[in-house]
Amino acid sequence: MEKSPSLCKPCSSDELFRRRPFSFDLQRFADGDKTEEPTAKKREEAAKKGQVGKSQEVSTAFVLLIGFFVIKALWERIYANIAEYTVYIFGHLNQTIDVETVLNLFIGMVFVLGQTAFPIMIAVMIVGLAVNIFQGGWHFNSEKLEPKLDNLNPINGFGRLFSKRSLVELVKSLLKIAIIGFFIYNYLKDEIFTMPQFIFYDLTTSLSKISDIIFGLVFQVIGVIMILAFADLAYQKWQTTQDLKMTKQEVKDEFKQVEGDPQIKGKIRQKQRQMAMSRMMQEVPKADVIVTNPTHFAVALKYEKGMMAPKVVAKGADFVAQKIKSVGRENDVPLVENRPLARALYASAEVGDFVPRELYQSVAEVLAYVYRLKHRRRRA
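Cut-offs used in this document
Residues numbered from 1 in each chain as written. Predicted model: local features only at pLDDT ≥ 70, side-chain atom pairs only at ≥ 80, totals over all residues. Heavy atoms only, no water. Phe/Tyr/Trp six-rings, centres within 6.5 Å; stacked < 30°, edge-to-face > 60°. Buried < 20%, exposed > 50% of the residue type's maximum accessible area, 1.4 Å probe, protein only. Helix = DSSP H or I, 4+ residues; strand = E, 2+ residues; numbered from the N terminus. Pairing = 2+ DSSP bridges. Axes fitted to C-alpha atoms, helices over the stretch in contact; angles between N-to-C directions. Expected span 1.5 Å × (residues − 1). Arc of directions from axis to C-beta. Contact = heavy atoms within 4.5 Å. pLDDT = per-residue confidence, 0-100. Parallel < 35°, antiparallel > 145°, perpendicular 65-115°, else oblique. Left-handed = near helix turned anticlockwise from the far one by under 90°. Salt bridge = Lys/Arg side-chain N within 4 Å of Asp/Glu carboxyl O.

This paragraph deals with the packing of aromatic side chains. Under the criterion given, the structure shown has seven aromatic pairs. Look at Phe182 and Phe183: their rings are 5.7 Å apart centre to centre, the planes differ by 80 degrees, and that puts the pair in the edge-to-face class. Residue Phe183 is classed as partly exposed on the basis of its relative accessible area of 29%. Where Tyr235 meets Trp238, the ring centres are 6.1 Å apart and the plane angle is 35 degrees; that geometry is what we call tilted. One end of the pair is Tyr235 and the other is Trp238, both in helix 10 (residues 203-244) and three residues apart, which spans about a single turn.

See below:
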């Protein structure tokens, strides 16, 4: 039994490369990396899906700021309403508990709640809505409200739980807790020694001093939260840009989709030029004269009774000029060599325009020469 030559004789490295061609395409690696900045269209599509660079921390910071600012501004009124209602409740504890009494207490509770909480709720709602619109624009997206079975998959849940984004959010939360905790401790370490003295004050004075401490602490913490929120906003915008980055091939595909394939557009422009050239050449036989350079430029002029001035019906340079002259000769259109006039007409007038006023005299002399020439031919 004979052995196969390929098994008996070891192959050299050159033979292996000849038998199995090897190609190394750098473009494949370049196109696979998302190195290009997201286009305006990509950002717009992402915004419609709710994928915008906004921070929930900014909304929280402004809601806390406005909420506590309104509470501080209305504190005396809120305190008076709550105190008045409390006195009313304790003043009617000796009444018989029936449906009417409970209903009156409930109505009074709702009334006090409306007076104290309603302004705060309105201010917080307006500010929260305004901050969200300011960050991401006005986009209503129902896609995230649609139920997705993937969200119920525990494997996907674990993947999101231990993802890079979750780790970053955990580090941010721990850092935020540490920083806010430090400022709370630094603020309260001096105030805490004055609090035991409040037992010697009346209730109104104690509440006033406690409210001053609470509001001072809250606004200091909100200031810290505001700084952290804007830092988080900058990070979220950067992260969104990184997520939306595109490959070179994606940019090319989007450009083709929006602007059209360059090859197809080139063919369309070529077809348009051909059609325009064909229409222009159809007007050359109707011209009265063709002014030439003699080789580089050719301008066909036509004048009829009633026109305000002679009209340029065709013009061209080089190959087009030769074509105009060829069509003119075939249709017995006079060719007049006038280099300065041909250059001036080509530079100052487009096809369909009237001859510029400054060239009236020169064009009139050419037309007069052509008319005399035609008259001699008729007499001959």
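Next comes the rest of the write-up.
This part takes up the sheet that holds strand 1 (residues 289-292). Read from one edge to the other, the open sheet built from four strands follows the order 3-2-1-4, with strand pairing classed as mixed. In this open sheet, the two edge strands, each paired with only one partner strand, are strand 3 (311-317) and strand 4 (335-337). Shown here is a sheet whose adjacent strand axes are inclined to one another by a mean of 20 degrees, direction ignored. Here six bridges tie strand 2 (residues 297-302) to strand 3, and the two strands are oriented antiparallel to one another. Paired with Phe297 across the bridge in strand 3 is Ala317.

One non-glycine residue, Asp318, lies in the positive phi region at around 55 degrees. Positive phi, normally seen in glycine, also occurs at Asp332, with a value near 60 degrees. Following the sequence through the fold, Asp332 ends up in the loop between helix 13 (319-330) and strand 4. Judged by relative accessible area, Asp332 falls into the exposed class, the value being 64%.

Attention shifts here to the pairing of strand 2. For strand 2, a buried count of six out of six residues is recorded, marking the element as mostly surrounded by other parts of the structure. Two elements, strand 1 and strand 2, share four bridges in a ladder whose sense is antiparallel. Bridged to Thr292 within strand 2 is Ala298.

Turning to helix 5 (residues 56-73), a few remarks are in order. In this model helix 5 runs 26 Å from its N-terminal to its C-terminal C-alpha over 18 residues, within 8% of the 26 Å that 1.5 Å per residue would give. Taken together, the buried positions of helix 5 are occupied by Val58, Ser59, Ala61, Gly67 and Val70.

Attention now moves to helix 15 (residues 360-379). Over its 20 residues, helix 15 extends 28 Å from the first C-alpha to the last, a length consistent with the 28 Å expected when each residue adds 1.5 Å. Listed as buried for helix 15 are Val363, Val366, Leu367 and Val370. Buried residues of helix 15, seen end-on, are gathered within an arc of 95 degrees and therefore sit on one face of the element. Away from the buried face of helix 15 by more than 90 degrees, exposed residues Gln361, Arg376 and Arg379 are located. Looking at the packing, one finds that the buried side of helix 15 touches strand 1, strand 2, strand 4 and helix 14 (339-348).

This part takes up the confidence of the model for the protein. Here the protein shows a mean pLDDT of 78. Residues at 70 or above account for 81%. Scored below 50 in pLDDT, residues 1-31 shows nine contacts in the model against residues more than four places distant or in partner chains.

The next subject is the packing of helix 5 against helix 10. For the pair helix 5 and helix 10, the least separation of the axes is 8 Å and the interaxial angle reads 160 degrees. Looking at the two axes, helix 5 sits roughly antiparallel to helix 10. The handedness of the crossing between helix 5 and helix 10 comes out as left-handed. Two secondary-structure elements touch here, helix 5 through Glu57, Val58, Ala61, Phe62, Leu64, Leu65, Phe68, Phe69, Ile71 and Lys72 and helix 10 through Phe215, Val218, Phe219, Ile222, Ile225, Met226, Ala229, Phe230, Asp232 and Leu233.

Time to look at the environment of Gly181. Position of Gly181 among the secondary structure elements: in helix 9 (residues 164-191). Note: C-alpha distance between Gly181 and Val221 (40 residues apart in sequence) is 9.1 Å.

This part takes up the pairing of strand 1. Covered by surrounding structure in strand 1 are Val289 and Val291 together with Ile290 and Thr292, the residues of both alternating faces. Counting the residues in the hairpin turn of strand 1 and strand 2 gives four residues. With three bridges connecting them, strand 1 and strand 4 associate as parallel partners. Directly across from Thr292, in strand 4, lies its bridge partner Glu337.

Turning to the pattern of salt bridges, a few remarks are in order. On inspection of all chains with the given rule, the structure shows eight salt bridges. The partner of Glu57 in a salt bridge is Lys176, with the nearest N and O atoms 3.0 Å apart. Here Lys176 lies in helix 9 and Glu57 lies in helix 5, a separation of 119 residues in the sequence. Looking at Lys176, the relative accessible area reads 24%, which means it is partly exposed. Across the pair Lys315 and Glu350 runs a salt bridge whose closest N-O atoms are separated by 3.6 Å. With Lys315 in strand 3 and Glu350 in the loop between helix 14 and helix 15, this residue pair connects regions lying 35 residues apart in the sequence.

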